[in-house]
Amino acid sequence: MQDSTPYAVGIDVGGTKTHLRAFAGGEDVVDRVRGSSGWRPHDPGAAADWLAALVTDALPSHVRPSALAVGAHACETPRQCAGIRAALQERIGVPALVVGDAELLVPAAGLDKGVGLVAGTGSVAVGRLPDGAAVQVGGWGAVLGDEGGAAGLVREAARAVWAAHDRGEEPDALATGLVAAFGVAEVPALGAALESATDVSAEWGRHSPAVFAAAEAGSPLARAVIADGGRALAGLVVRLAARGVAVDDVVVAGGTVLAQPALYEAFTSALAESLPGARPQPLRVPPVEGALALARSLL
């Protein structure tokens, strides 16, 4: 027998894991975490099939969702998200919303407007214009951007170490830390190690602890890289403000910026200097709460 209780379903599709929660009868009734293997956001049909299968697998057999909201990793433009949404609604037959995963942060924090800033492996900031149009800045990948994210920090640390080597300076804690992290014999070999990565963001980003360890050990180079990373993150918010996005509240998430106080402090200091009225706050709940809030708004 079909359950007539309205079920709101929220999904946070991340780069490595996906979190689904369902809300019904005044409480969370399903909480499921699984890997994101098979997620293909640039193929709307395949993405919709993946999401529909996830919902079917997670919910009890007698339940179908009443509304569904998805925050999707690598859903980079409104047009792309709209394509997935249209395909998903065809498959599930209920109101649905698909946004980029960074857009979950503001509703997850219980806010109606503001900026969502993520600095994990990469970095990106999102907000909305007064007319509701979504705006995303950053998120260009480790080769070209993602300043302040783990992979971007490692890239800039390597550049700082190479510049010091060219100046004839002896390797400091940052240089020795990166050499050890990449398993090479000397600073010049770092170039080949970085270029040999098959998954640049992940393989570079996992070495970011070496940058923070070097800063704690007193490396001026590492401290400068972290300070620049914090300024770059603040710069994303400044860019949104210049485009007309309300930046009074900035909700911050991501395994790098929240796990590393030095980077968070560099970001907040730079933000206070550039936009004194902005209020940064770390997200204290899982981002899937934002997806659930958006789904409940569709009921």
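It should be noted that the structure appears before, not after, this text.
These numbers were taken from a predicted model, which means no experiment stands behind them.

In terms of regular secondary structure, the protein is built from eleven helices and ten strands. Taking 2.2 N^0.38 as the reference for a compact globule, 299 residues should give roughly 19 Å; the C-alpha atoms of the protein span a radius of gyration of 21 Å, in line with that estimate. Dimensions of the protein along its principal axes, counting C-alpha atoms only, are 75 × 40 × 30 Å. The burial tally for the protein puts 49% of its 299 residues in the buried class. Here the analysis covers contacts within the protein between residues at least 6 apart in sequence; of these, 65% occur between residues at least 24 apart.

Now for the pairing of strand β2 (residues 17-24). Among the eight residues in β2, seven count as buried, and that is most of the element. Of the strand pairs in this sheet, strand β1 (residues 8-13) and β2 are connected by six bridges, and their pairing is antiparallel. Residue D12 lies in a different strand from β2, and its bridge partner there is H19. Count of turn residues in the β1/β2 antiparallel hairpin: three residues. Here eight bridges tie β2 to strand β3 (residues 27-35), and the two strands are oriented antiparallel to one another. Counted as the bridge partner of H19 is V33 from β3.

As a further point, take the pattern of salt bridges. Taken as a whole and assessed by the stated rule, the structure comprises eleven salt bridges. The partner of R21 in a salt bridge is D31, and the shortest N-O contact between them spans 2.3 Å. In this pair, R21 sits in strand β2 while D31 sits in strand β3, placing the two residues ten residues apart along the sequence. What makes R21 buried here is its relative accessible area of 14%. On the accessibility criterion, D31 (43% relative accessible area) is partly exposed. Of the charged contacts in the structure, one is a salt bridge between R167 and E169, with a shortest N-O distance of 2.7 Å. Owing to a relative accessible area of 52%, R167 belongs among the exposed residues under this scheme. In this structure E169 comes out as partly exposed when scored by relative accessible area, which is 37%.

Whenever strands of a sheet pair, they do so through backbone hydrogen bonds, lying parallel or antiparallel. With respect to topology, five strands assemble into an open sheet ordered β3-β2-β1-β4-β5, the strand pairing being mixed. Two strands in the sheet have a free side with no partner beyond their single neighbour: β3 and β5 (96-100). Pairs of neighbouring strands in the sheet enclose a mean axial angle of 10°, with direction left out of account. Where helix α1 (residues 44-58) meets the sheet, it contacts β1, β2, β3 and β4 (67-72), and its direction lies at approximately 125° from that of β3. With respect to the sheet, helix α11 (residues 288-297) is in contact with β1, β2, β3, β4 and β5, its orientation differing from that of β1 by roughly 145°.

Burial in helix α8 (residues 208-216) covers these residues: S208, A210, V211, F212, A214 and A215. Downstream of α8 by one or two residues, G218 has phi in the positive range, about 105°.

Turning our attention to the packing of α1 against helix α2 (residues 78-92). Packing of α1 against α2 brings their axes to within 8 Å, and their N-to-C directions diverge by 50°. Regarding the angle of α1 to α2, the classification is oblique. The interaxial crossing formed by α1 with α2 has right-handed handedness. Along the contact surface, α1 presents P44, G45, A47, A48, D49, L51 and A52, while α2 presents G83, I84, A87, L88, R91 and I92.

Further remarks concern helix α5 (residues 173-182). Among the residues of α5, L174, A175, G177, L178, V179 and F182 are the ones counted as buried. Tucked into the core, α5 has its buried residues touching α4 (150-166), α6 (190-195), α8 and α9 (220-242). If you check the start of α5, you find a side-chain oxygen 2.9 Å away from the backbone N of L174, and it comes from D172. G183 lies just past α5 and shows a positive phi near 70°.

The next subject is a nonpolar patch on the surface. Together, W140, V143 and L144 line one region of the surface with nonpolar side chains, adding up to about 430 Å² of accessible area. Here V143 shows up in the loop between β8 (134-138) and α4. By relative accessible area, which is 58% here, V143 ends up exposed.

What follows concerns the environment of R91. Of note, R91 is situated in helix α2. For R91, a relative accessible area of 37% gives the class partly exposed. Through-space distance from the C-alpha of R91 to that of G35 is 22 Å; in sequence the pair is 56 residues apart. In contact with R91, not counting residues within four places along its chain, are G45, A48, D49 and A52. Within the structure, R91 has its side chain in polar contact with the backbone oxygen of A87 (distance 2.8 Å).

Reading guide: rules and limits
Residues numbered from 1 in each chain as written. Predicted model: local features only at pLDDT ≥ 70, side-chain atom pairs only at ≥ 80, totals over all residues. Heavy atoms only, no water. Helix = DSSP H or I, 4+ residues; strand = E, 2+ residues; numbered from the N terminus. Rg over C-alpha atoms; globule rule 2.2 N^0.38 Å. Buried < 20%, exposed > 50% of the residue type's maximum accessible area, 1.4 Å probe, protein only. Contact = heavy atoms within 4.5 Å. Pairing = 2+ DSSP bridges. Salt bridge = Lys/Arg side-chain N within 4 Å of Asp/Glu carboxyl O. Axes fitted to C-alpha atoms, helices over the stretch in contact; angles between N-to-C directions. Parallel < 35°, antiparallel > 145°, perpendicular 65-115°, else oblique. Left-handed = near helix turned anticlockwise from the far one by under 90°. Polar contact = N/O pair within 3.5 Å; in protein donor to acceptor, adjacent residues only side chain to side chain. Patch = residues over 30% accessible without salt bridge, like charges linked within 9 Å, V, L, I, M, F, W, Y side chains within 5 Å. Areas by Shrake-Rupley, 256 points an atom, 1.4 Å probe, with all protein chains shown as cover.

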